[in-house]
Amino acid sequence: MNPVPTGRDGDGGRRVRMGVLGCADIALRRMLPAIAAAESAELVAVASRDAAKAQRAAARFGCAGVEGYRTLLERDDIDAVYVPLPPALHFEQVAEALRAGKHVLCEKPLCTTHAEAVELMELARRHRRILAENFMFLHHSQHAGVRSLVDSGAIGGLEVLSGSFGVPPLDPTGFRYAPSLGGGALLDVGVYPLRTAQMYLSGEPEVLAATLRVDDATGVDVAGTALLCAPDGVAAQLEFGFRHSYRSRYALWGGAGRISVERAYTPPEVLKPVVRLQQQDRLTELAMPADDQVRNALAAFTAAVLAGGDGPVGEAESLLQARLVEDVRKVARIVGGPGG
């Protein structure tokens, strides 16, 4: 097993000493505050290729600012790193971190290709380090509540899953509109309903059909749909994009009822999300407990590190996710149009 981290909190408990590769918006808004507040983690340093940017971020969270990712990886006071960089940079930086002996929590998607994801999993195993893909929504307790309803027979046998994640147009100068950085709606928001299909469909679903709307100006996909089918015939109808009014939901339709999850992917930690259960002539609205999926995702990662884990976490799910993304691209009908 892997040696556990040596960092200590004020009570003598073990803590994972963490560094952050990059000053992405999601890191500054969500993950850095979570690391700084966590009992199981210590925020040691944040790195950027821009020294001033690293120093500004570090000043906000009381840690060290480091110029250059390699410099951070060479520090011996860091056990693990969080990688929030654009998707096309994940493979190189995650590989470097693993070779440097660091555990890695990598923002979704882990890679832009299935082959790269396989290589990183093998590298994590070889270097006996935790590697986890950071799908934070999976760690919100509302989904366990929905799973309990399904398993109890509340909707009978599942027949169809539908899932949608769409947001209004984003910053046109950001990485999401840059093909060379792994931009596009499929990798940014489409992966959420794809991962939802994995949660509830049995076996490995097949992508039967898909569409991708590619922006004429940037060359990235800005919207899309996909139709999946599980080996038992249960279908998943998925929609995604960033030229939409905001929508973040999935629904499960069975022989005896239907469950709708209306704030599925990015619920605020203070929100008690409502899950609707419709059975015949009865509609039940269930207020699920408020939960902090960012904190929970970090806690799951640090728990794996502190337990002495020595390989990838959720490997099968991450590799299936990467394959489904590639399959959507392979079968998709490409249509053009403006991005906004």
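Please read all numbers here as calculations on a predicted model, not as lab measurements. (Residues numbered from 1 in each chain as written. Predicted model: local features only at pLDDT ≥ 70, side-chain atom pairs only at ≥ 80, totals over all residues. Heavy atoms only, no water.)

Q: Before we move on, could you go through the environment of alanine 38 and cite the residues and values that matter?
A: Residue position: alanine 38 is located in the loop between α1 (25-37) and β3 (41-48). Each C-alpha atom of the pair alanine 38 and serine 152 lies 35 Å from the other, and the pair is 114 residues apart in sequence. In this structure alanine 38 touches Arg15 and Leu298, once residues within four positions along its chain are discounted. (Helix = DSSP H or I, 4+ residues; strand = E, 2+ residues; numbered from the N terminus. Contact = heavy atoms within 4.5 Å.)

Q: Can you explain the pairing of strand β11 (residues 235-241)? Please cite residues and give values.
A: Across the 7 residues that make up β11, a large majority, 5, are buried. In terms of strand pairing, strand β8 (residues 158-166) meets β11 through 7 bridges, oriented parallel. The residue of β11 that forms the bridge with leucine 161 is alanine 236. Between strand β10 (residues 221-229) and β11, which pair antiparallel and follow one another directly, the connecting turn spans 5 residues, one of which, glycine 233, has a positive phi of 95°. (Buried < 20%, exposed > 50% of the residue type's maximum accessible area, 1.4 Å probe, protein only. Pairing = 2+ DSSP bridges.)

Q: Mind laying out the sheet that holds strand β16 (residues 332-337), listing which residues take part and the relevant values?
A: Taken in spatial order, the 9 strands make up an open sheet running β15-β14-β13-β12-β8-β11-β10-β9-β16, and their pairing is mixed. Whereas interior strands pair on both sides, the edge strands pair on one side only; in this sheet they are β15 (282-287) and β16. Each strand of the sheet is rotated relative to its neighbour by a mean of 10°, with strand direction disregarded. Sheet strands touched by helix α6 (residues 141-151): β12 (247-254), β13 (258-261), β14 (274-279) and β15. Its angle to β13, the strand with the most contacts, is close to 175°. On top of the sheet, helix α7 (residues 185-200) reaches β8, β9 (206-215), β10, β11 and β12; it is set at about 160° to β11, its chief contact. (Axes fitted to C-alpha atoms, helices over the stretch in contact; angles between N-to-C directions.)

Q: Lay out the packing of α7 against helix α9 (residues 315-331) with the relevant residues and their values.
A: When two helices pack together, their arrangement is given by the angle between the helix axes and the distance between those axes. Where α7 contacts α9, the axes come no closer than 10 Å and their chain directions differ by 120°. Regarding the angle of α7 to α9, the classification is oblique. For the pair α7 and α9, the crossing hand works out as right-handed. Residues Leu186, Leu187, Val191, Leu194, Arg195 and Gln198 of α7 lie in contact with α9, whose contacting residues are Glu317, Ser318, Leu320, Gln321, Leu324, Val325, Val328 and Arg329. In terms of residue class, the contact of α7 with α9 is made up of 8 nonpolar, 3 polar and 3 charged. (Parallel < 35°, antiparallel > 145°, perpendicular 65-115°, else oblique. Left-handed = near helix turned anticlockwise from the far one by under 90°. Nonpolar A, V, L, I, M, F, W, Y, C, P; charged D, E, K, R; others polar.)

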